[in-house]
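Chain by chain, the residues run as shown.
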Amino acid sequence: MGTSKKYGVIIFGVCLLALSLTTFSAQAQDKIDYTTPKEYRIAGISVSGSEMFDPDALILASGLSVGSSVTIPGDRISSAIDRLWKQGLFEDVKITIAQISGQQIYLNIHLEERAKISSIVINGVKRLDAKNLKEDIGLKEDEVITDNRIAKIKEKAEKYYKDKGYLFATVDVVKQVDTSRHNSVKLTLNVDRHHKDKINQIIITGNEYTYASDSLEKDHNLKQTFRHLLGVSDKAFSDSYIRRKLKNTKEKNIFRFYKRSKYVEDDFQEDLKSLIAAYNKQGFRDARIVRDTFYYYDDKLINVEVDIFEGRPYYFGDITFAGNTKYSDEILSAILNIQKGEVFNEEKLSMNLNFNPKGGDINSLYYDDGYLTFQASPVETNVYNDTVDLEIRIHEGKQARINKVSIKGNNRTNDYIIIRESHTYPGKLFSRTDLISSMNELRQLRYFNDQTINPDVRPNMENGTADIEFQVEEVGSDQIELSGGWGGGMVVGTIGIVFNNFSIQNIFKKDRWRPLPTGDGQQLSLRAQSSGNTYYSISTSFTEPWLGGKKPRSLSVSFYHSVQNPSGLPKGNPNRQSMRIEGASVGLGQRLKYPDPFFTLYQSISYQHYTMHNYTTDFLFPNGEANNLAYTITLSRQSLDAAVFPKNGSDISLSLQLTPPYSMFNGLDYSTATPQERYRWIEYYKWSFKAGWFFNPVANLVLNARFRLGVLNYYNSEVGYPPFERYYMGGDGLTGFALDGRELIGLRGYKNNSLSPSYGATSFDKVTFELRYPLSLNPAATIYALVFAEGGNSWVGTDDINPFQMYKSAGVGVRLFLAAMGMFGLDWGYGFDAPPGRTKPNGSEFHFSINQSLDW
């Protein structure tokens, strides 16, 4: 055979083989009849096209698996494709048939991966600004990038700068293939902020309505007369009033330091909504924004224009009730408190119907009597001229009783500790007031996040009951105290720990130590102070808030021992000076039902034994002993809405501490008695009064007003005032220690104890006003700033009291509450008056405090 024939046979053989393979493949594909679904068993799954992801993970994500059945054609293949698409990682997803053998099928998942970001470069801004921009738009390396994502990056980046006042900022996003890494791109953001645009003027048009033009207006005639006399605009809504209502959009003003004059579209639109709400509140139900725009005034300033359609004010006409059987029309009208002819205020109508934070709404009237499904719907029955008649259609429903009370989220505190603080319990009629009171009681425990306490009420319409689930979030309530203070000419160190949710019954159960036995709501306090050889003190206290477990009656016991040795000499040295004090107290507290559940009564008996040796500082006798056995009764009322940063409520207490009147029966002649004999058993009585109120006038701004008064007096003029239990005013009260029962009264802007005699005062008063604003309400670290003004004074005797003679001060401060450490305070105060012994005002003082009660 010739060479040419030989090659011809080979070529013919190859073609014949290729034809046979093609025929086999066609026959294999011909086995799939797409008009008739057929079920197969998946014998194998392969993955192609993906290099960055694990094939097994991709197969798992598809929902397909070897050994399972699949129908072709069928939904399972398309569902698998959809599942892979939703991963957002691929440009293209295909699932093809690799082979069919009888009832078995082999599948291939082919993927085209999307590129990832290998690096990010931001041009045109400083490094810190670039970092903040990346965080704001959530841009990071190794992120999968798509055209849609690039568009979102551009949109968010430009909004980021527009919100900062760069109204015409542009951001170009450039994507470049990174040849050094597989399937990766470099992303570059070219930022051109242009310049920051401030608002030159806010131009208001359309606010033309005047009450004087309304012939039906009567209530405002006197008001308008005064406005004309003062030369003030007689518009219902003047330009200046409208500008004030635009709280986040302000004109440029060099005297305004708290709000910048930048234009932020989202804030501006919210301001416009608030403006319309203000119009509605004054009866202008038809008010709306016709047009708003901004344009350049010059290169860096813009003008903002707002065109308003005001309409005219409307007034309430006749208000009737329908569907009410529980309460009469007269009672509901009195609570609604809207008179015919009153300006139509939809906000007041809704508030007095549904929820008035100050109390006195119709919804609360029904909800407090168990009508959990109550509804009140105002319907306009007639609108004529400027008057609107209303019918309040009431659905009372049935009274609901509480079926079950449960707790969710308490991983340390036992359920019964929470439930016993609740005013809601099974079998009782549902009451919204009880529910709110229960929330306040839980806040006062300080075991939970104030902001997340949530009662989930689940009514059961079939049997007329309701289940309540209190959802709480535990926070650390134990506190560690590590501090140092200056007092008595020495530095005093303090170490202490307070377990606020202790459980004494589990102290011997190893499995309940986490790391200490907790959950029963008891308080255990351990504290030690020392300055070396000159002073040391140890104390402990324990409180059981529910003695017996059935009623809110608390039992408190405490013990302490302290020694002051000003000389620093060791025991046995005849020149050693010392005062040793041993003390103990036991107290019982009880919550009262009357006049309301916020009242508590606390009674205690305390005893201190004083032993003086060569102790001459501020005392009438250097050697000897004194005993102080006293009974204290305190009536208090606390209705604060939070434990750490209250916004509303009050805290008031009146206390009397007294000893037996020994001089009436001990037969001692006090005219000839020595100081040791006179004060062997101390006698006195002591009044203390505290009152504090919290108000929330706007947003998170809180006004706190406090007043405090104390008077120490005697039964017998021959005995006189005792040298113990006296008052020392001035400074922050952080003197490190307090001997002889003294009370330290802080007054910022002055030095510690500088406003009282060296031997103490027998009476004092103090007034404080504070404005507080929270910087963080995180329960683990609550921070708020404050400004204060306060005044006070102390006097040697009650005959010297002059409440109008005060040392005054003002200043600023900040508070940091750490759940594990307590309250830290830093204040700067300026004393406007000269302290005793000085001729010039005290001036500037800084005050630092740790767990000191500057609130009083």
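Residues numbered from 1 in each chain as written. Predicted model: local features only at pLDDT ≥ 70, side-chain atom pairs only at ≥ 80, totals over all residues. Heavy atoms only, no water.

### Observations regarding the overall build of the protein
In terms of regular secondary structure, the protein is built from 14 helices and 34 strands. Considering the protein as a whole, with its 856 residues, one finds that 43% of them fall into the buried category. Of the contacts formed within the protein by residues at least 6 apart in sequence, a portion of 61% connects residues at least 24 apart. (Helix = DSSP H or I, 4+ residues; strand = E, 2+ residues; numbered from the N terminus. Buried < 20%, exposed > 50% of the residue type's maximum accessible area, 1.4 Å probe, protein only. Contact = heavy atoms within 4.5 Å.)

### Quick word on the side chain of D271
Tracing the sequence through the fold places D271 in helix 8 (residues 265-281). It is K250 that comes nearest to the buried, bridge-free D271 among opposite-charge side chains, at 7.2 Å. In contact with D271, other than residues within four places in its own chain, are K245, L246, K247, N248 and T249. (Lys, Arg positive; Asp, Glu negative; His and termini not counted. Salt bridge = Lys/Arg side-chain N within 4 Å of Asp/Glu carboxyl O.)

### Some points on the sheet that holds strand 1 (residues 38-48)
Overall, mixed pairing links the 4 strands, which are arranged 2-1-4-3 in an open sheet. Both edges of this open sheet fall to strand 2 (69-72) and strand 3 (90-101), since each of them pairs with a single strand only. Along the sheet, successive strands turn relative to each other by an average axial angle of 45 degrees, direction set aside. By the bridge criterion, 7 bridges tie strand 1 to strand 4 (residues 104-113) in an arrangement that is parallel. Opposite S46, over in strand 4, you have N108 as the bridge partner. Relative to strand 1, helix 2 (residues 55-62) is tilted by about 145 degrees, and along the sheet it contacts strand 1, strand 3 and strand 4. Of the strands in this sheet, strand 2, strand 3 and strand 4 are in contact with helix 3 (residues 75-85), which crosses strand 3 at around 150 degrees. (Pairing = 2+ DSSP bridges. Axes fitted to C-alpha atoms, helices over the stretch in contact; angles between N-to-C directions.)

### Looking at the packing of helix 4 (residues 127-137) against helix 5 (residues 147-162)
Contact pair helix 4 / helix 5: the axes reach a minimum separation of 10 Å and the direction vectors enclose 125 degrees. Taken together, helix 4 and helix 5 sit at an angle that is classed as oblique. Note on packing geometry: the crossing formed by helix 4 with helix 5 is right-handed. Judged by residue contacts, D129, N132, L133, D136 and I137 of helix 4 engage R149, I153, K156, A157, Y160 and Y161 from helix 5. Across the contact of helix 4 with helix 5, the residue classes break down as 6 nonpolar, 1 polar and 4 charged. (Parallel < 35°, antiparallel > 145°, perpendicular 65-115°, else oblique. Left-handed = near helix turned anticlockwise from the far one by under 90°. Nonpolar A, V, L, I, M, F, W, Y, C, P; charged D, E, K, R; others polar.)

### Observations regarding a positive patch on the surface
Positive charge collects at one region of the surface, where K164, K196, K198, K252 and R260 lie side by side. In this fold, K252 is placed in the loop between helix 7 (239-245) and helix 8. (Patch = residues over 30% accessible without salt bridge, like charges linked within 9 Å, V, L, I, M, F, W, Y side chains within 5 Å. Areas by Shrake-Rupley, 256 points an atom, 1.4 Å probe, with all protein chains shown as cover. Charge placed at Lys NZ, Arg CZ, Asp CG, Glu CD.)

### What to know about the sheet that holds strand 15 (residues 454-460)
The strand order 14-16-15 describes an open sheet built from 3 strands, whose pairing is mixed. One side of each edge strand has no neighbouring strand; the edge strands of this open sheet are strand 14 (401-408) and strand 15. Taking each pair of neighbouring strands and ignoring which way they run, the sheet shows an average axis angle of 20 degrees. With 7 bridges joining them, strand 15 and strand 16 (residues 465-471) adopt antiparallel strand pairing. Bridging across to strand 16, V457 finds its partner in I468. Contacting strand 15 and strand 16, helix 13 (residues 432-445) crosses the sheet at an angle of about 20 degrees to strand 16.

### Some words on helix 8
For helix 8, spanning 17 residues, the distance from its first C-alpha to its last is 24 Å, which sits close to the expected 24 Å at 1.5 Å a residue. Contacts made by the buried residues of helix 8 are with helix 7, strand 9 (288-296) and strand 10 (301-309). Looking at the residues trailing helix 8, positive phi occurs at G283, about 95 degrees. (Expected span 1.5 Å × (residues − 1).)

### Focus on the pattern of salt bridges
Overall, the coordinates contain 36 salt bridges when judged by the stated rule. E342 is paired through a salt bridge with K348; the nearest N and O atoms lie 2.6 Å apart. In this structure, R580 and E582 form a salt bridge, with 2.9 Å as the shortest nitrogen-oxygen distance. Using a relative accessible area of 36% as the deciding quantity, one classes R580 as partly exposed. Given a relative accessible area of 26%, E582 falls into the partly exposed group. Within the structure, one salt-bridge network assembled from shared partners comprises R706, R748, E770, R772, E790, R815 and D827.

### Some points on the packing of aromatic side chains
Taken as a whole and judged by the stated rule, the model has 29 aromatic pairs. Centre to centre, the rings of Y685 and Y715 are 5.5 Å apart; their planes meet at 40 degrees, and the pair counts as tilted. Of this pair, Y685 sits in strand 26 (residues 685-698) while Y715 is found in the loop between strand 27 (701-713) and strand 28 (727-729), placing the two residues 30 residues apart along the sequence. Taken together, the aromatic side chains of F168, Y263, F268, F294 and Y296 make up a single cluster linked through ring pairs. Directly above the ring of F344 sits R285, whose terminal nitrogen or CZ lies 4.9 Å from the centroid. (Phe/Tyr/Trp six-rings, centres within 6.5 Å; stacked < 30°, edge-to-face > 60°. Lys NZ or Arg CZ within 6 Å of the ring centre and 35° of its normal.)

### Digging into the pairing of strand 12 (residues 375-384)
Here 9 bridges tie strand 12 to strand 13 (residues 387-395), and the two strands are oriented antiparallel to one another. Bridge assignment links V383 to a residue of strand 13, and that residue is V388. Linking strand 12 back to strand 13 in an antiparallel pair, the connection comprises 2 residues, with N385 at a positive phi of about 55 degrees.

### A few points about the nonpolar core
Residues L336, I362, Y366, F374, I394 and F448 are the most contacted members of the largest nonpolar core, which totals 40 residues. The residues touching L336, leaving out its near neighbours within four places in the chain, are I319, F321, L349, N352, L353 and I362. (Core = buried A, V, L, I, M, F, W, Y, C linked by side-chain atoms within 4.5 Å.)

### Quick notes on the pairing of strand 9
Each regular strand carries side chains that alternate between the two faces of the sheet. Across 8 bridges, strand 9 lies against strand 10 in antiparallel orientation. The residue of strand 10 that forms the bridge with R291 is D307. Counting the residues in the hairpin turn of strand 9 and strand 10 gives 4 residues.

### Regarding the environment of Y602
Mapped onto the fold, Y602 is located in strand 23 (residues 599-613). As a C-alpha pair, Y602 and I633 span 31 residues in sequence and 5.7 Å in three-dimensional space. Each residue touching Y602, except ones within four places of it in the same chain, is listed here: S556, G587, L588, G589, T632, I633 and T634.

### Some remarks on the packing of helix 2 against helix 3
Closest axis-to-axis distance for the helix 2/helix 3 pair is 8 Å, and the angle between their directions is 120 degrees. Here helix 2 is positioned oblique relative to helix 3, judged by the angle of their axes. Counted together, L58, L60, A61 and S62 of helix 2 and A80, R83 and L84 of helix 3 form the full contact between these two elements. Tallied by class, residues from the contact of helix 2 with helix 3 come to 5 nonpolar, 1 polar and 1 charged.

### Overview of helix 10 (residues 346-353)
Turning to helix 10, its buried residues number three or more, namely L349, N352 and L353. What you see down the axis of helix 10 is that its buried residues fit within an arc of 100 degrees, all on one side. Structurally, helix 10 contributes buried residues whose contacts are with strand 11 (315-322), helix 9 (329-336), helix 11 (362-367), strand 12 and strand 13. (Arc of directions from axis to C-beta.)

### Quick notes on the environment of V66
Within the element layout of this structure, V66 appears in the loop between helix 2 and strand 2. Each C-alpha atom of the pair V66 and Y106 lies 9.1 Å from the other, and the pair is 40 residues apart in sequence. The residues touching V66, leaving out its near neighbours within four places in the chain, are I42, A43, G44 and I45.

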